[in-house]
Amino acid sequence: MIKPTLLIVEDEELICTQLKDGLRDDFTLLFAEHGREALSALKREQPALVCLDLGLPPDPESAEPGLEALDQIMKAAPQTKVVVLTGTGGRVSAIRAVQLGAFDYHHKPIRLHDLKVALQRAAYFQAIEADVEKQRAGEAATRCEGMLGRTSAIQEIFAVVSRIARTDVTVLIQGESGTGKELLARAIHSNSSRDRRPFVAINCGAIPDTLLESELFGHEKGAYTGAHVQRKGRLELAEGGTLFLDEVGEMSALLQVKLLRFLQERAIERVGGREVLRVDARVVAATNKDLKAELQAGRFREDLYYRLSVVNLTLPPLRDRGEDIVLIANAFLQRSDKQHRRKLRFGSSALEAIIHYAWPGNIRELENAVERGVLMARTKFIEARDLGVEVKDGPDLASLREARNRAERNALVDALAKTRGNITQGARLLAVSRPTLHGLIAKYQVNARDFR
Ligand SMILES: Nc1ncnc2c1ncn2[C@@H]1O[C@H](COP(=O)(O)OP(=O)(O)OP(=O)(O)O)[C@@H](O)[C@H]1O
Ligand SMILES: [Mg+2]
């Protein structure tokens, strides 16, 4: 098993011995007696973790030398997770240490079990962040116009998009609200040969039926009361380009027929018009309804469904996107942080909330929560309360399966983080066979290599 490297900065021999005995099974240990030595070890060995005694020479009674060392460590290696040790009455220095960027603190006398848990948690977050960093480096290759995602479900969607974008095939995008349906539709358009022509969007759920008809197909002068001039519909406006039909499941039966006719004949008639107009527009439709269920309930035409879903793409909800949640959250943080110039990072409680919250509003909700977090953060760390999301402790019965899946996935990620992606050790930790662990890795789309 690859153990995380832990640099212990401590001048008291007795404590060093105690820590060595208690921690060497879980960490690869390095020792330094004072700040200067710690900095050179940091540069040389790049440990994932530092355990720093604040009472260091030359003045072990004061926390100042320790805080000074912490400051230098954070500047030299901001990705390192530091857990500080404070003497009696060390609350004030503990708070100052956290403000300077320490991950956690532990009051002396040392309780080995508690300290070990704090260090393991630190190692876990360090591994996640290192992973995000790696993802960021490799982002260019997986990018689809601002759509982030490395999990295989999203990568598969990107692959389909690159295969079908340049054809004129009709695409149906399904997914809960806020999962990126419009972004994906735009990606299809801009990867197509129609990208210099308009992308025209219309939300079928937001416009009353009678208006929707003339919005889509246009109308002739005098077609109805108030139609003082002839007007082109969105389909005509999308000539040569792409028409994005959002919430297509909301269309009335009448409009479904008209749309079907357009998809079959590529021709329309304006409302109140006699002329048949040929229109060359590619249709990409989206819905957050289960259209198959709408078919069965008789609310959506089967023939139209098959015309629309020549290619059918389903965007998974954010809570099923594994590590992408942290990847996307970090991207939003970077963007928002730049806007507000705050140099913030996620604190551990925020990262935990981001991973465990169910995100019913998906990526849009995450985007808003991060923006809120940037505005609300009181220190240079965003904490869970700043995000304004509530992580439920107890699952309700309706979502028991979901809760089980999530617990299973968390255990998997924890085990991989602890063993740095070692399958044999990870399987042992979870008390399952190696094939079972591989099965879990496939099911939750986690990449063991990312934890190394
Ligand atoms: N994979 C992604 N990476 C980064 N940002 C994303 C991703 N997917 C969506 N977003 C962002 O999330 C927000 C919501 O996306 P979008 O409007 O495309 O969702 P939608 O499915 O159309 O939502 P609705 O059903 O509510 O209309 C947008 O700000 C979008 O830029
Ligand atoms: Mg939308």
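Residues numbered from 1 in each chain as written. Chains lettered and ligands numbered in written order. Predicted model: local features only at pLDDT ≥ 70, side-chain atom pairs only at ≥ 80, totals over all residues. Heavy atoms only, no water.

What about the confidence of the model for the protein chain?
The condition that has to hold: Confidence of the predictor at the level of single residues is captured by pLDDT, which takes values from 0 to 100. Every helix listed is a DSSP run of H or I at least four residues long, and every strand listed is a run of E at least two residues long, numbered separately from the N terminus. Contacts are residue-level and defined by heavy atoms, with any inter-residue pair within 4.5 Å sufficient.
On average, residues of the protein chain carry a pLDDT of 89, and 95% of them reach 70 or more. When the elements of the protein chain are averaged for pLDDT, helix H6 (residues 139–142) gives the smallest value, 40, and strand E11 (residues 282–287) the largest, 98. Considering only residues more than four positions removed or in separate chains, one finds that residues 139–143, a stretch of pLDDT under 50, has seven contacts.

Some details on the domain arrangement of the protein chain
Spelled out, the test is: Residue ranges assigned to each domain were obtained from an automatic or database domain assignment.
Split by domain assignment, the protein chain resolves into domain 1 (5–137), domain 2 (152–314) and domain 3 (320–451). A C-alpha centroid distance of 57 Å is found between domain 1 and domain 2.

Remarks on the pairing of strand E4 (residues 81–86)
For clarity, the threshold we go by: With a 1.4 Å probe rolled over the protein chains alone, any residue whose accessible area is under 20% of its type maximum counts as buried; one over 50% counts as exposed, and the rest are partly exposed. A pair of strands is considered paired only if DSSP assigns at least 2 bridges between the two. Seen with its strands pointing away from the viewer, a crossover is right-handed when the path leading from the first strand over the helix to the second is clockwise.
Of all six residues making up E4, six are buried, and the element is well covered by its neighbours. Of the two faces of E4, both are covered, the one formed by Lys81, Val83 and Leu85 as well as the one formed by Val82, Val84 and Thr86. Pairing analysis gives five bridges linking strand E3 (residues 49–53) to E4, with the strands arranged parallel. Each bridged residue has a counterpart across the sheet, and for Leu52 the counterpart in E4 is Val84. Once you follow E3 into helix H3 (residues 64–76) and on to E4, the crossover reads as right-handed. In this sheet, strand E5 (residues 104–107) lies alongside E4 in parallel orientation, the contact comprising four bridges. Bridged to Leu85 within E5 is His106.

Overview of the layout of surface pockets
In plain terms, the rule: Points on a 1 Å grid, built from protein atoms alone, make a cavity when a 1.4 Å probe fits but cannot get out and make a pocket when they are open with protein on both sides within 12 Å along at least 5 of 7 lines; residues with an atom within 4 Å of a point are the lining residues. Grid points are joined across faces, edges and corners, and a volume is the space filled by probe spheres set on the points. Charged residues are taken to be Asp, Glu, Lys and Arg, nonpolar residues to be Ala, Val, Leu, Ile, Met, Phe, Trp, Tyr, Cys and Pro, and polar residues to be all remaining types, Gly included.
Each pocket or cavity is described by its volume, and for the largest pocket that value is around 990 Å³. As for the largest pocket, its lining consists of 40 residues, and the residues nearest its centre are Glu129, Arg345, Phe346, Gly347 and Phe381. Elements that contribute at least two residues to the lining of the largest pocket include exactly E4, helix H4 (91–99), helix H5 (112–137), helix H14 (324–340), strand E13 (345–346), helix H15 (348–356) and helix H17 (384–387). Here the lining of the largest pocket is built from residues that sort into 17 nonpolar, ten polar and 13 charged. Looking at which domains feed residues into the lining of the largest pocket, each of domain 1 (5–137) and domain 3 (320–451) supplies at least three.

Re the site of ligand 1
Threshold: Whether a residue is near a molecule or strand is decided by its heavy atoms; if any one of them lies within 4 Å of it, the residue is near. Distance and chemistry together define a polar contact, namely a pair of N or O atoms within 3.5 Å, with one atom able to donate a hydrogen and the other to accept it when in protein, and with adjacent residues in sequence counting only for side-chain atoms on both sides. Each accessible area is a Shrake-Rupley estimate made with a 1.4 Å probe; only the visible protein chains count as cover when residues are assessed.
Taken together, 16 residues lie near ligand 1, and Leu148, Gly178, Lys181, Arg364 and Glu367 sit nearest. Measuring from an oxygen atom of ligand 1, one finds a side-chain N or O atom of Arg364 at 2.7 Å. One of the side-chain nitrogen or oxygen atoms of Glu367 is found 2.8 Å away from an oxygen atom of ligand 1. Protein contacts shield 84% of the accessible area of ligand 1, which totals 630 Å² for the unbound molecule. When contributions to the shell around ligand 1 are tallied by element, the ones reaching two or more residues are helix H8 (181–190) and helix H16 (362–376). Residues that form the shell around ligand 1 fall into these classes: five nonpolar, five polar and six charged.

Points about the sheet that holds strand E6 (residues 171–174)
We apply this condition: Note on method: axes are straight lines fitted to C-alpha atoms, helices fitted across the in-contact stretch only, with angles between N-to-C directions ranging 0 to 180 degrees.
The strand order across the open sheet formed by five strands is E7-E8-E11-E6-E12, and the pairing between neighbours is parallel. Two strands close off the open sheet at either side, each with one partner strand: strand E7 (199–203) and strand E12 (311–314). When the angles between neighbouring strand axes are averaged without regard to direction, this sheet yields 20°. Set on the sheet, helix H7 (residues 152–164) makes contact with E6, E11 and E12; between it and E12 the angle comes to about 150°.

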